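Geometric and topological summary
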Amino acid sequence: MLIRKPPPRPHAPGEPLLHQSHKRPVTRRELLAAGLRSAPAVVMAPAWLAALLKPGAARAQQIPLDSDIQALLAPNQCNVTQGAGLIPFICFDLAGGANLAGSEVIVGVQGGQANFLSTAGYGKLGVPGNMVPGAGGFVSNALGLLWHSDGAILRGILSKASAATAAGTNGAVFPALSENDTGINPHNPMYGIATVGAKGSLLALVGTEPTISGGNSAAPPNLGGVMIDPSLQPSVIDQPSDATGLVGSGGASADPLSVAVLESEVRMSSGTGLYTAGGSDPAAAFTGALTEPNSSTQTPGVQLYTSADPNQAADDAQLKNQVRCNYVKAANNTAAFGNPADLDPTQDPNIVGPIFNASDFSDSDIAKTATVMKLVLNGFAGAGTITLGGFDYHDNTRATGETRNFKAGQMIGAVLEYAQRIRKPVMIYVLSDGSLTSSSMVDTTPAGRDKLAWQGDSSAQAATFFLVYSPNGRPQPLNGAASQQIGCFSSDGSVVSTSSPGANSVVQLVQMVVLNYLSLHGSLVGRFGTLFPQQSLGSTSGLVAFAPVV
């Protein structure tokens, strides 16, 4: 008797992906990859820090601070600014191992994207023989970066991004090996981006996951000599109420009494003497509650700080200044901001209507994307990670992957379109933990689009890419189109592990991403080695895609 197996069934958007070849998902990252979990709706930060930062609000009628408090905003004191003026940076972390190359961004052999792979090579990347990109077609340059003309992410981007937005966009691709279905890949570049100088007026970094990186993938523990800085850990933001909850519940203007109270707290806690790091007695600037402990409370056998001990003096002063600066930031936020609605993406006319409808915010992916892009592109946060789940889609269909990549493209396109509407540049980095390979079976369903089905995980077909939008026109490649592919694939469709420093090292891949972000700023060109003294890329020649855009 012949027993016929039922054909593979595509999974609907949001439907969990459970594979017989994978163990039952248990961890947060495994649940994300399977699409069983979306980001939590909480804001994570130390309780004492949250209490100090909470009394802010957004873009109010500003109340001038008293001169002694104003002096503490200076770069050599608390360095409180309205953002660092760098290009906003958003990372999309597609949990599970999405296809980003071949069927999406075109990849080629050595020499650039247009040095096309073999038909068999593109077949590994999900492209059937009758859709192979080449001189005959199936190539789109709508976003500058070459893309398969039927790429689901491309179609999603263009469903949100206008022609004007596309005309101001360009990008580059990094062929790079990446482990499959794991969040321990140190892919996330947030701390490197912050080291370059990205910062916001309310938060340094944000992310949609309660992790050290703010995303699904980990942050490198040591990035060119720069360690993870706990003071920069991303605040978790994934819905509009998280953003508005960062600031007070007042009306359209700041409260003078609240400002006066917070200024008094600064004076009572620490005084307003100017702090000089490296001075003979740096703690002498501090008075009030932050002075030395009373000797009657001294623990037996523990020597208190004395100015005669320069190491203890420096550490003591640094800690006191950190605490004082949180009081100063709270006072400044309260004086500068007054209306939480200015942080609310649902009340932004450049988002609701042109990009999303009001009813769309019931979708958690849309809610988190709109909220993070609102904070980052308006300078309230320096950079942010948006994690989208459910990209472990090798279910022997093509329809599932096409549907999920299309939605990821819509989220990316929304960020680009919002940047164009508010005339802000932005860099968007797209990564995933691993990738997958296709079978020879064509999915003939409408959603499958007559493409090859995805059959299993494969790190050898992985890649990441970034897009840059500039309101001043499409970013220009530094050395022609060849600079838009950093590394390469072999003709048969696998990453050449020696083609770039990052092709076989995720940590070095992150360094390359940070280098390209830095290089978009004319004032920062040449400073990579200074900011990352232990960088392991060696010469950076050939690793930068674009000329500066600011």
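Here we summarise the structure given alongside this text. (Residues numbered from 1 in each chain as written. Predicted model: local features only at pLDDT ≥ 70, side-chain atom pairs only at ≥ 80, totals over all residues. Heavy atoms only, no water.)

Description of the sheet that holds strand 4 (residues 169-175)
The strands that make up a sheet pair up through hydrogen bonds in the backbone, lying either parallel or antiparallel. We apply this condition: Whether two strands pair depends on DSSP finding at least two bridges between them. Secondary structure is summarised from DSSP: a helix means a run of H or I of at least four residues, a strand means a run of E of at least two, and numbering begins at the N terminus for each.
Reading across from one edge, 4-13-10-1-9-5-8 is the order of the seven strands in this open sheet, with mixed pairing throughout. Pairing within the sheet leaves two strands with one partner each, and these edge strands are strand 4 and strand 8 (235-236). Where strand 10 (residues 426-432) and strand 13 (residues 463-469) come together, five bridges link them in antiparallel fashion. When the sheet's bridge partners are listed, M427 is paired in strand 13 with V468.

A word on the pattern of salt bridges
A side chain of one charge can pair with a side chain of the opposite charge when the charged atoms of the two come close. The criterion, for reference: By definition, a salt bridge exists where a carboxyl oxygen of Asp or Glu is found within 4 Å of a side-chain nitrogen of Lys or Arg. Exposed residues in this analysis have more than 50% of their type's maximum accessible area, buried residues have under 20%, and partly exposed residues fall in between, with area computed by a 1.4 Å probe over protein chains only.
According to the stated counting rule, one finds 13 salt bridges in the structure shown. Between D66 and R267 there is a salt bridge whose closest N-O contact spans 3.0 Å. Remark: R267 occurs in helix 9 (residues 256-270) and D66 occurs in the loop between helix 2 (47-53) and helix 3 (67-71); sequence separation between them is 201 residues. On the accessibility criterion, D66 (38% relative accessible area) is partly exposed. Taking relative accessible area as the criterion, R267 reaches 30% and is therefore assigned partly exposed. Ionic pairing is found between R155 and D150, a salt bridge with its closest N-O pair at 3.6 Å.

Considering the environment of G108
For clarity, the cut-off: Whether two residues touch is decided by their heavy atoms; if any such pair falls within 4.5 Å, the residues are in contact.
Position of G108 among the secondary structure elements: in the loop between strand 1 (89-94) and helix 4 (119-124). Take G108: its relative accessible area is 0%, and that puts it in the buried class. Here the alpha-carbon distance between G108 and G493, two residues 385 residues apart in the chain, equals 8.7 Å. Those residues in contact with G108, other than ones at most four positions away along the chain, are Q113, N115, L117, Q485, C488 and F489.

Overview of the pairing of strand 13
Remember that side chains alternate between the two faces of the sheet whenever the strand is regular. Counting buried positions over the seven residues of strand 13 gives seven, a clear majority of the element. The alternating pattern of strand 13 places A463, F465, L467 and Y469 on one face and T464, F466 and V468 on the opposite face, and all of these are buried. As paired elements, strand 4 and strand 13 share seven bridges and run antiparallel to each other. Across the sheet, residue V173 finds its bridge partner in strand 13, namely F465.

Topic: the side chain of H148
Along the chain, H148 turns up in strand 3 (residues 145-148). You can call H148 buried: its relative accessible area is 2%. Once residues within four sequence positions are removed from consideration, H148 is found in contact with G102, S103, E104, I106, V127, M131, P133, F138 and L154.

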